[in-house]
Amino acid sequence: MGGAQSTSNGPTAHEKTVVDRLQNMRVEDDGYVEITDEKNGNILREWKPQGLELQTLESWQSAILEDPKNRLALTALGTENPRKVLISLPTKVADQHVFNIKIPFEGSPITNQRSSGRCWLFASTNVFRVALMKKYNLESFELSQAYLFFWDKLEKSNWFLEQIIDTAAEDLDGRLVQHLLGDIVSDGGQWDMVYNLVDKYGLVPQALYPDNWSAMNSGVLNSIVKTKLREFALKLRALCRREQGISAEYLSDVKAKMMKEISLIMTLLLGPPPSPEETFTWQYADKDGKTHELRTMPTAFAKDIASPEFRVTSSTIARMVSLVHDPRHEPLTLLSVSRLGNIVGGRGVTYVNVDMATLKQACVRTLKAGLPIFFGSDVGKFSDTASGVMDLDLFNYDLGLNTSLVRGMFKAQRLHARESQMTHAMVLTAVHVDETTGQPVRWRVQNSWGEAAGDKGWFVMSDAWMDEFVYQAVIDPKFVGKEVRDVLRQEPTVLPIWDPMGALA
């Protein structure tokens, strides 16, 4: 199971034919039938809204309960989590943690983001730490996710206020401003945002700035910061829209006072972080028990991510690119998202759109080189946290509910319908390739939900699941062809901020 391959970036010719036919269908008692009468093209003009007749509803209920299988399902599904009842044991058994291509060093321990949406920071620091652990001969090690989290929240707050000023002439009730006033300072982020943070603020070991309660439980912090930012947003809009006008200096002063207040909140809730350009002292014991002391600055520490064994350096990280598979757009195109970012003046969020075959080939090459991979997916679809299995056949919806959930839409259709988007970032460390076909069968995933999830924190992802629900992989450009690298020279197609590709993992 889980060996189905994706060979194109969107619906095949056959799939497009199916989509066209679906647009010309009507419902009859036994399902959907094709409409051939062209006169029915006027149906929308003739349509009158229809309610649900009680007699019809009762007939449906009677028909359901006449089937003994449905009566059995009613009992089972009414007493337990439906996904637990419908889970496929053969699928769980088939998705074993056996891989014939695996990076030699995966890093430890399994991390835990707790009740926060910091997966992108955990995934990225789990990638960075591999070289550092080899460099310093460490048995286990974590970089401080809370350190990046602090600066990201502060920078996103400033980014938000700048967007509010820039859109002050827009209607408050318009889609753009209302979207900006939505999540505001999401815990989530993207690879380019990680780069911006590390480039400006550097990195520190977790021992020097560990998680506190608000880092592990970000809901209260977010609620407070969002309330203040929305209050500030209305004040800034009012100032910018004054008929008599205001000076840029005055506006700058007002915004600075607002950011000072946000900084106060952040510092009191998360604690004061190390200064990016002040020396810290890190004392540690290596895996042989020998103690060491390192004196450096966060910015310098981030530039010294180097291990000859793993060929990871700060320059490698700087040139990494996000490959994405968005079948709504042509492959080999550059995508970006309007107004998506965290640091004013930093690198924008860009994606190189490729087909799944190209994305997976780059991942296999990277793993063969011994390097971990940051990737983004829609983790909640057809996945089980307890077992750590992500597989399209994991739940028997067809058997229990007489309906299919996975095959009713193509990947592009899910994006169009907002049924799917990037929701979570994790790390790939291995893949099992079929020795006969040379195609991937399953992938090993390092998650950040603690050791209680999956197989001691590890997940297994079928290749078919990857086709449907993985959207992004961050790789070194040397693992792709020139035609992919050349995409970076294009002018990007700019997607609106509410586009699904604007979702933050």
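Rules used throughout
- Residues numbered from 1 in each chain as written.
- Predicted model: local features only at pLDDT ≥ 70, side-chain atom pairs only at ≥ 80, totals over all residues.
- Heavy atoms only, no water.
- UniProt positions renumbered as here; feature names shortened; annotations may be inferred.
- Core = buried A, V, L, I, M, F, W, Y, C linked by side-chain atoms within 4.5 Å.
- Buried < 20%, exposed > 50% of the residue type's maximum accessible area, 1.4 Å probe, protein only.
- Contact = heavy atoms within 4.5 Å.
- Helix = DSSP H or I, 4+ residues; strand = E, 2+ residues; numbered from the N terminus.
- Pairing = 2+ DSSP bridges.
- 1 Å grid on protein atoms, 1.4 Å probe; cavity = no way out; pocket = protein on both sides within 12 Å on 5 of 7 lines; lining within 4 Å.
- Points joined across faces, edges and corners; volume = space filled by probe spheres on them.
- Nonpolar A, V, L, I, M, F, W, Y, C, P; charged D, E, K, R; others polar.

- The chain has the name Cysteine proteinase 1, mitochondrial in an unreviewed UniProt entry, where Emericellopsis cladophorae is given as its organism.
- In its Sequence similarities (unreviewed entry) section, the UniProt record describing the chain reads: "Belongs to the peptidase C1 family."
- Quoted verbatim from the Subunit (unreviewed entry) heading of the UniProt record, the comment on the chain is "Homohexamer. Binds to nucleic acids. Binds single-stranded DNA and RNA with higher affinity than double-stranded DNA."

### Description of the nonpolar core
Here is step 1: Core analysis: the biggest nonpolar cluster contains 84 residues, and F128, L203, L229, F301 and Y351 have the highest contact counts within it.
Here is step 2: Other than its neighbours up to four places away in sequence, L203 contacts F128, L143, Y147, L148, V198, F280, P298, F301, A302 and I305.
Here is step 3: Counting residues in hydrophobic clusters, the runner-up holds 48 residues, among them L86, C363, I373 and F395.

### Observations regarding the pairing of strand β9 (residues 373-377)
Here is step 1: Of all five residues that make up β9, five are buried, and the element is covered over most of its length.
Here is step 2: The pairing of β9 with strand β12 (residues 424-433) spans five bridges and is antiparallel. Looking at β12, one finds that F375 is bridged to M426.

### A closer look at empty space enclosed by the protein
Rolled over the atoms, a probe with the dimensions of a water molecule shows which regions are left empty.
Here is step 1: The final tally for this structure, using the stated rule, is two cavities of 30 Å³ or more.
Here is step 2: By volume, the largest cavity is sized at about 50 Å³.
Here is step 3: Around the largest cavity, the lining residues are V127, M320, T366, L371, P372, I373, F374, V474, I475, D476 and F479.
Here is step 4: Of all the secondary structure elements, the ones that give two or more residues to the lining of the largest cavity are β9 and β15 (470-475).
Here is step 5: Counted as a void, the second largest cavity has a volume near 40 Å³.
Here is step 6: If you go around the second largest cavity, the residues you meet are V127, V312, T316, M320, L371 and P372.
Here is step 7: A class-by-class count of the residues in the lining of the second largest cavity yields five nonpolar, one polar and no charged.

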